[in-house]
Amino acid sequence: MQTRSEIKGIPVQELKPPEALMQQIAEHKGCGTSGGSGKASCGSAAGQGDLSPEIWEKVKNHPCYSEEAHHHYARMHVAVAPACNIQCNYCNRKYDCANESRPGVVSEKLTPEQAAKKVLAVASTIPQMTVLGIAGPGDPLANPEKTFKTFELISKTAPDIKLCLSTNGLALPDHVETIKKFNVDHVTITINMVDPEIGQHIYPWIFWKHKRITGIEAARIITERQLLGLEMLTAAGILCKVNSVMIPGINDKHLVEVNRAVKSRGAFLHNIMPLISAPEHGTVFGLNGQRGPSAQELKALQDSCEGEMNMMRHCRQCRADAVGLLGEDRSAEFTTDKIMAMDVRYDSASRQAYQEKVEQERQDKAAAKQEELAQLAGEHSDIKVLVAVATKGSGRINEHFGHAKEFQIYELSTAGAKFVGHRRVDLYCQGGYGEEDALDTIIRAINDCTAVFVAKIGGCPRDTLKAAGIEPVDDYAHEFIEQSAIAYFKGYLDKVKSGEIMHQQRGDADIRQGAFVAA
Amino acid sequence: MAYKIISSQCTACSACEPECPNNAIREKDGTYIIKPEKCTECIGYFDDPQCVAVCPVENTCVIDNAYPRYQAAV
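Worth saying up front: this structure is predicted, and the values here are computed from it rather than measured. (Residues numbered from 1 in each chain as written. Chains lettered and ligands numbered in written order. Predicted model: local features only at pLDDT ≥ 70, side-chain atom pairs only at ≥ 80, totals over all residues.)

### Describing the overall build of chain B
Looking only at helices and strands, one finds two helices and four strands in chain B. Along its sequence from the N terminus, chain B presents helices and strands in the succession β-α-β-β-α-β. On C-alpha atoms alone, chain B measures out to a radius of gyration of 11 Å, which is about the 11 Å that the 2.2 N^0.38 rule sets for 74 residues. Projected onto its principal axes, the C-alpha coordinates of chain B cover approximately 35 × 25 × 20 Å. Here chain B, with 74 residues, has 35% of them falling under the buried criterion. For chain B, the share of sequence-separated contacts (at least 6 apart) that also reach a separation of at least 24 residues comes to 65%. (Helix = DSSP H or I, 4+ residues; strand = E, 2+ residues; numbered from the N terminus. Rg over C-alpha atoms; globule rule 2.2 N^0.38 Å. Buried ≥ 20, exposed ≤ 12 C-beta atoms within 10 Å, placed from the backbone. Contact = placed C-beta atoms within 7 Å.)

### A look at the sheet that holds strand β7 (residues 211–214) of chain A
Backbone hydrogen bonds hold the strands of a sheet together, and the pairing may be parallel or antiparallel. Strand order across the open sheet formed by three strands is β2-β6-β7 (chain A), with antiparallel pairing between neighbours. Two strands in the sheet have a free side with no partner beyond their single neighbour: β2 (86–87) and β7 of chain A. (Pairing = 2+ DSSP bridges.)

### Some points on the packing of helix α3 (residues 112–125) of chain A against helix α4 (residues 144–157) of chain A
All names here are of chain A. The geometry of α3 relative to α4 is characterised by a closest axis approach of 9 Å and an angle of 35 degrees between their N-to-C directions. Relative to α4, the crossing made by α3 is right-handed. Every residue of α4 that contacts α3 at P112, E113, A115, A116, V119 and L120 is listed here: K146, K149, T150, L153, I154 and T157. Class assignment for the residues of the contact of α3 with α4 results in seven nonpolar, two polar and three charged. (Axes fitted to C-alpha atoms, helices over the stretch in contact; angles between N-to-C directions. Left-handed = near helix turned anticlockwise from the far one by under 90°. Nonpolar A, V, L, I, M, F, W, Y, C, P; charged D, E, K, R; others polar.)

### Remarks on the interface of chain A and chain B
Listed by partner, the interface residues are twelve residues for chain A and twelve residues for chain B. Across the side of chain A that touches chain B, the residue classes break down as five nonpolar, three polar and four charged.

### So, the domain arrangement of chain A
Residue and element names in this part refer to chain A. The domain architecture assigned to chain A consists of domain 1 (74–338) and domain 2 (350–498). Taking only C-alpha atoms, the centre of domain 1 and the centre of domain 2 are 29 Å apart. The interface is formed by ten residues belonging to domain 1 together with 13 residues belonging to domain 2. The element best represented in the side of domain 1 that touches domain 2 is helix α10 (residues 295–306), accounting for three residues. Considered class by class, the residues forming the side of domain 1 that touches domain 2 number four nonpolar, four polar and two charged. (Domains from an automatic or database assignment.)

### Describing the packing of helix α12 (residues 348–376) of chain A against helix α15 (residues 481–498) of chain A
Residues and elements named next belong to chain A. At a minimum axis distance of 8 Å, the contact between α12 and α15 shows a crossing angle of 15 degrees. One finds that α12 runs roughly parallel with respect to α15. Relative to α15, α12 is oriented so that their crossing is left-handed. Together, A368, K369, E372, L373, Q375 and L376 of α12 and E482, Q483, I486, A487 and K490 of α15 make up the contact between the two elements. Tallied by class, residues from the contact of α12 with α15 come to five nonpolar, two polar and four charged. (Parallel < 35°, antiparallel > 145°, perpendicular 65-115°, else oblique.)

### Observations concerning the environment of V245 of chain A
Residue and element names in this part refer to chain A. Relative to the helices and strands, V245 resides in strand β8 (residues 239–246). With 27 C-beta atoms counted inside 10 Å, the residue V245 sits in the buried group. Distance from V245 to A115, taken between C-alpha atoms, is 28 Å for residues 130 residues apart in sequence. With near-sequence residues (within four places) excluded, V245 lies in contact with Y90, N192, M273 and L275.

Quick look at the structure:
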């Protein structure tokens, strides 16, 4: 095997900074790096937990960095960065159609000036929009001028908006200083491997120092640059999330190793996402029949990494021009034509007032959950069940079964209610056609769940769900999700104890292909 | 003496534009074009034509047979 110093003509910086520094920084961030002491409560947990006030301040309104925040706060991406320096087998930049929704695809590109106007327009319309991210459709750092110009304009006109970016990491070490300068305090790196032998099956080529480099050499450069970039971000005090695409048979088992590698370098949060590989996307993986993971395969991998560090499970793999809460996309309201015609008045006082209301609701929700949790104290059981929840935000069960575009999944145990993911489903109420097929789709997507919590549900789907072994529950309409789920679970345990019902393990479920887009 | 971009395949990702050592590439009508009189096939600058090396769609930056191959000044 070739060693680093043998790579021809490529100066490679040594990677290992003092372990002690990394440990110190990671502890400051709330996640110890020493083996076995990883805390599942850091990163995306429900509340502040044991995060330092400084870190909590950074993540509490960021929907991608805090699971709890994603019920309340919205984000937007501006597509100012079309160029890329890496070719990935799960990406096809050529494909672009209105119904297409996955990372790497956008409807229209923006100039930095258009992007800045769009941010103001969205911030004025959606007061809970707190985060502006640049995530492509290519790589933000392969377009450094456009990316940093956008940040510069926005930090002048809307200084209360948090800036973040998502990169493949190849150019990251060259830009950490500039990232710091613009107060970008959240950076996501997509790291799919730390072993070039595996990387060569994911990345066909990179453009590096004026050359196209292929195979294992390309993968080696990628992993060195990514880990160096991560270490530099950690040393600069910038919060870093790592995204990994789970590709069964290629890197699924290896991602546990990736998890360890990024945790030891101070990553704050790890987001393992399912591969999207429908043949019609025209990606290498789509065309060669590479499958994505099932819902339970994904959950098992996320669970196995969780002892090491906190896992993000609420990612919707959104487009590089998404607007709104995670799980909704309002980008169609903000096309360039519409923005340019808008009379935008940026009113930071009313934004702040709105956000204070949201804070109050968050606190009420947390208190309600604590109260309900106290009822479970003293109970002990090995039983765990999954439930699906129809919600349109604010942490409440407030969506009609037939209107749900996705279901959020909670795992219930005597430890409480834990958010473990979401399942995209097609719209069930589509005006009368294909309803039976649509119901089948929903059942396949939540087949591993014992119950589905809804604000309302019709008689026909109710019976079909029951026949499939999924209990429709509308007793908690418009109540807080976690509080309701714990109450339901307590009742469930009582019924099992009394012999009224038998606890049964459910099967697996499908992950719908394609990123989430509201129709 | 030039490369050309097949516009029906171009994703307009703009990756080629800043890589061109001759500033021969620009956006036009939602796609990118190479000004043939400025293109030197990167001879004298790089081992490989940069637009070809960076383009995400195979066979999109190709030799334009309408022009003779570029000859570096001796």
